[in-house]
Amino acid sequence: MAITNGYATLAEVLAEQPGVELAEDHGAGLQMQGLDAAYVLFLVDGKPLIGREAGTFDVSRLGTQSIARVEIVHGPSSSRYGSEALAGVINVITRRPALGWQAYSDVGLGTHGSTRSAISVEHGSDRATMHLTASRRTSQGYDLFPETPGATQPAYQVHELRTRAVWDGSQRDAFTLTAGGSYRGEQSLVGFNQQGVVVTYGERAARLEGMFAPSWQRSWTNRVVTDLSYTHNRYRTRLELEGADVGLGLGDTDFDQRQDHGSLTLTYRGDQHILSSGVGIIHDGVRSDRIASAKPLDVQAGGDSGAMARRSTQTVFAYLQDQWVASHRWEVTSGFRVDAHSAFGTHVSPKVAALWRLNDRHRLRLSIGSGFKSPTFQELYMDFGNPVGGYRVIGASDRDGQLSSLRDAGRVAYIQALSSGGGMLRPETSWSAQGVYSYDPDLPLSFDVHLYANRVKDLIEYQPVAVLTDGQTLFSYYNVRRVQTAGTSLRMQWRPSAPWHVSASYTWSRAVDLDVLAQIDRGSLY
């Protein structure tokens, strides 16, 4: 999918694509194949991105000024990318500069005082390319309910910087650097009614994210290529409250996540086979006052939040993939990946896909594969309460201990049994079958039909586990034993002449809890 002018953020681009749905929940999240935003992996030039709030990767974080196209992979892709790729993968491909120096600019105005501006500078030569993009987006926000304190969309400003440079050091060596980051600042007035008295306070939110990813690619022969790469990601959010009564249980919060991803891949290109293999290690770490830890850290200088806690995990992985071009009509791709997680052991993810070109106008793709997703830090170790909102969330690893302590202190009004019976969280796994029929994408009229079915085991959800004597509801996470999603998406596009095109799409999906259906069939649940 190529990017054309008129889009300000990646969210606006993806909103028009069939088979994906945008849902506003802690940002603009992307849902695919009946699964929510927590199950879609995001990449930039093949490099992973981090930073989720309540499982949502906010796709409005990324501006479009440096994007050339977006690749969308539907269905489980853990055989290549590991955890998080349970529903699909979004790979953002940045622009490759032409020869010589070039510069671009973009300015836009919108309602509610929204503005956007960007400038890009790039250079290309026989041995090196470089592009640098800086952008700024602002909004004065809006309020659909002026009679109540607080804005529907608070005022914000976003500053973003992205760059990519490639240098061919020799005929056999190429060095690439991909880097970028953004800052988002937001201000708003928050209010609520406490026993008939309206209490208001100021809220300032800041979000900082950055990526640094160097790589070295070497062509040993015309057939053998290796790629040594490293990616460092950091994502941090901070919420500061002004004029809030600390007696209400309100306070500043801080969340700081880092990921280091290193890999070595080897590719062999034969006459009919392309063999790809790789090994790597991933280190994930988080530091926050919203998670529990046995080793609290000191509060940061100048901060007034609670004790910061640290958690980390490591994953060692290896994968192997073969793309067999049997003929000009048949291609078969098969492979698997092994992930060894420091907390959840070893998981193997296989996948097989086939492409059949019936003739020059008709293509059929079929695939079957497995996916998995490890529980997140929040799902395992969350410890966050909002007395004003009347709730508290605790991670599954600390749930039983927290409930026992609260019960001993006489603070539990009643306990609600978990749907799965409780216990430690298990990684989510799935098997999926996909089918895509396409009709001649090179003609003025083209269309495709996509069918899918997923069987998910141990899907992670949350539910109330207790009500406290002060009226607060206590939430925690649990595994749903068996879930099935199925659906279809239809897309049609008509291109009467350049640059005009008309497109239409339809998406239908269905998700069910198989255990609940079984109870309904038995008459034990109504």
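The rules behind the values
Every chain is numbered on its own, with residues counted from 1 as its sequence reads. Per-residue local features are limited, in this predicted model, to residues with pLDDT of at least 70; the limit for side-chain atom pairs, both in listing and counting, is 80 or more; totals at the level of whole chains, interfaces and linings are taken over all residues. Note that water and hydrogens are dropped before the side-chain values are worked out from all heavy atoms of the structure. In DSSP terms, a helix is any run of H or I states spanning at least four residues, a strand is any run of E spanning at least two, and both are numbered starting from the N terminus. C-alpha atoms define the radius of gyration, and 2.2 Å times the number of residues to the power 0.38 defines the globule rule. Only protein chains enter the accessibility calculation, which uses a 1.4 Å probe. A residue is then buried if its area is under 20% of the maximum for its type, exposed if over 50%, and partly exposed in between. In what follows, residue pairs with any heavy atoms lying within 4.5 Å of each other are defined as contacts. For the accessible areas, the method is Shrake-Rupley and the probe is 1.4 Å, while residue cover comes only from the protein chains on display. As used throughout, the charge tally considers Lys and Arg to be positive and Asp and Glu to be negative, leaving His and the chain termini uncounted. To locate a charge, the coordinates of NZ of Lys, CZ of Arg, CG of Asp or CD of Glu are taken. A patch consists of residues exposed above 30% relative accessible area that lack any salt bridge, with like charges linked at up to 9 Å and nonpolar side chains (Val, Leu, Ile, Met, Phe, Trp, Tyr) linked at up to 5 Å. Any Lys or Arg side-chain nitrogen located within 4 Å of an Asp or Glu carboxyl oxygen qualifies as a salt bridge. Paired strands, as defined in this entry, are two strands with at least two bridges between them according to DSSP. Each pair of aromatic rings taken from Phe, Tyr and Trp, with Trp reduced to its six-membered ring, is defined by centres within 6.5 Å and is described as stacked if the planes are under 30 degrees apart, edge-to-face if over 60, and tilted in the remaining cases. Look at NZ for Lys and CZ for Arg. If either is within 6 Å of the ring centre and within 35 degrees of the ring normal, a charge sits over the ring. Directions are taken from the helix axis to each C-beta atom, and the arc is the one they span. Two N or O atoms form a polar contact when they lie within 3.5 Å of each other; inside protein one atom must be a possible hydrogen donor and the other a possible acceptor, and for residues adjacent in sequence the pair counts only when both atoms belong to side chains. Predictor confidence is given residue by residue as pLDDT, running from a minimum of 0 to a maximum of 100. The term nonpolar core refers to a set of buried residues drawn from Ala, Val, Leu, Ile, Met, Phe, Trp, Tyr and Cys, joined through side-chain atoms within 4.5 Å.

Caption draft 1: Region of the structure containing the overall build of the protein. Across its full length, the protein holds 5 helices and 27 strands. The C-alpha radius of gyration computed for the protein amounts to 25 Å, which stays within 12% of the reference 24 Å derived for 526 residues, consistent with globular compactness. Each of the three principal axes of the protein carries a C-alpha extent, and together these read 70 × 60 × 45 Å. Buried positions account for 42% of the 526 residues belonging to the protein. Sequence-distant contacts in the protein: of pairs separated by 6 or more residues, those separated by 24 or more amount to 60%. Total accessible area on the protein is roughly 26,600 Å²; 55% of this is exposed by carbon and sulfur atoms. A distance of 6 Å separates the average location of the 50 positive side-chain charges in the protein from that of its 54 negative side-chain charges.

Caption draft 2: Inspection of a nonpolar patch on the surface at higher detail. The grouping of Trp167, Phe175, Trp216, Leu228, Leu264 and Val279 at the surface amounts to a nonpolar patch, some 560 Å² of accessible area in total. Secondary-structure assignment places Leu228 in strand β13 (residues 224-242). Since its relative accessible area comes to 43%, Leu228 is described here as partly exposed.

Caption draft 3: Highlighting the pairing of strand β15 (residues 273-288). Examined bridge by bridge, strand β14 (residues 253-269) and β15 share 15 bridges and lie antiparallel to one another. Within the sheet, the bridge partner assigned to Leu266 lies in β15 and is Ser277. Counted along the chain from β14 to the antiparallel partner β15, the turn is 3 residues long. As paired elements, β15 and strand β17 (residues 308-325) share 16 bridges and run antiparallel to each other. Within β17, the position partnered with His283 by the bridge is Gln314.

Caption draft 4: Examining the environment of Tyr7 more closely. Mapped onto the secondary structure, Tyr7 falls in the segment before α1 (10-14). Dropping the residues within four chain positions of it, Tyr7 is found in contact with Glu12, Val13, Glu16 and Thr64.

Caption draft 5: The sheet that holds strand β5 (residues 67-74), seen in detail. Strand order in this open sheet of 4 strands is β4-β3-β6-β5, and the pairing throughout is mixed. Each end of this open sheet is capped by a strand with a single partner; those strands are β4 (47-48) and β5. Sheet topology note: the strand β3 (residues 40-44)/β4 ladder contains 2 bridges and is antiparallel. Paired with Val44 across the strands is Lys47, a residue of β4.

Caption draft 6: Spotlight on the environment of Leu86. Positionally, Leu86 belongs in the loop between α2 (78-81) and β6 (88-94). A residue is classified by how much of its surface remains accessible, and Leu86, at 1% relative accessible area, is buried. In sequence terms Leu86 and Asp126 are 40 residues apart; their C-alpha atoms lie 40 Å from each other. Here Leu86 is in contact with Leu35, Tyr39, Gly75, Pro76, Gly371, Phe372, Lys373, Glu428 and Ser430, once residues within four sequence places are set aside.

Caption draft 7: Local environment of the packing of aromatic side chains. As enumerated under the stated definition, the model contains 9 aromatic pairs in all. Measuring from ring centre to ring centre gives 5.6 Å for Trp167 and Phe175, while their planes differ by 25°; the resulting arrangement is stacked. By relative accessible area, which is 46% here, Trp167 ends up partly exposed. Following the ring pairs from residue to residue traces out a cluster consisting of Trp167, Phe175 and Trp216. A cation sits over an aromatic face here: Arg95 above Tyr104, 5.1 Å from the ring centre.

Caption draft 8: Local environment of the pattern of salt bridges. Inspection of the entire model under this criterion finds 30 salt bridges. Here Arg137 makes a salt bridge to Glu160, at a shortest N to O gap of 3.4 Å. Residue Arg137 is found in strand β9 (residues 128-139), and its partner Glu160 is found in strand β10 (residues 155-167); the two are separated by 23 residues along the sequence. Taken individually, Arg137 and Glu160 each receive the classification buried, so the pair is uniform in this respect. By sharing partners, the salt bridges in this structure join Arg61, Arg137, Glu160, Arg162 and Glu209 into a single network.

Caption draft 9: Expanded view of unusual backbone geometry. In this structure, Asp45 is a non-glycine residue whose phi angle is positive, near 50°. Judged by its relative accessible area of 14%, Asp45 is buried. A positive phi is found at Glu84, a non-glycine position, where the angle reads about 80°. Along the chain, Glu84 turns up in the loop between α2 and β6.

Caption draft 10: Structural context of helix α4 (residues 399-408). Within α4, burial applies to Arg399, Gln402, Leu403 and Leu406. What you see down the axis of α4 is that its buried residues fit within an arc of 100°, all on one side. Turned more than 90 degrees away from the buried face of α4, the exposed residues are Asp400 and Asp408. In this structure, the buried residues of α4 make contact with β21 (383-386), β22 (391-394), β23 (412-415), β25 (445-468) and β26 (473-497). Looking one or two residues past α4, Gly410 carries a phi angle of roughly 75°, positive in sign.

Caption draft 11: Main features of the side chain of Arg238. Positionally, Arg238 belongs in strand β13. A residue is classified by how much of its surface remains accessible, and Arg238, at 18% relative accessible area, is buried. A distance of 3.2 Å separates the side chain of Arg238 from the side chain of Glu240, its partner in a polar contact.

Caption draft 12: Structural view of the confidence of the model for the protein. For the protein, the average pLDDT comes to 85, and 90% of its residues sit at 70 or higher. Note on residues 294-305: pLDDT under 50 across the span, and 22 contacts to partners over four residues away in sequence or across chains.

Caption draft 13: Spatial organisation of the nonpolar core. Counting 31 residues, the largest nonpolar core has Leu10, Leu30, Phe42 and Val59 as its most contacted members. Sort the elements by how many residues they give to this core and α1 lands first, with 4 residues. If we skip the residues at most four places from it in the chain, Leu30 touches Leu14, Val20, Glu21, Leu22, Asp36, Ala37, Val40, Phe42 and Ile90. Ile50, Tyr235, Ala309 and Val393 belong to the second-largest nonpolar core, a separate cluster that totals 16 residues.

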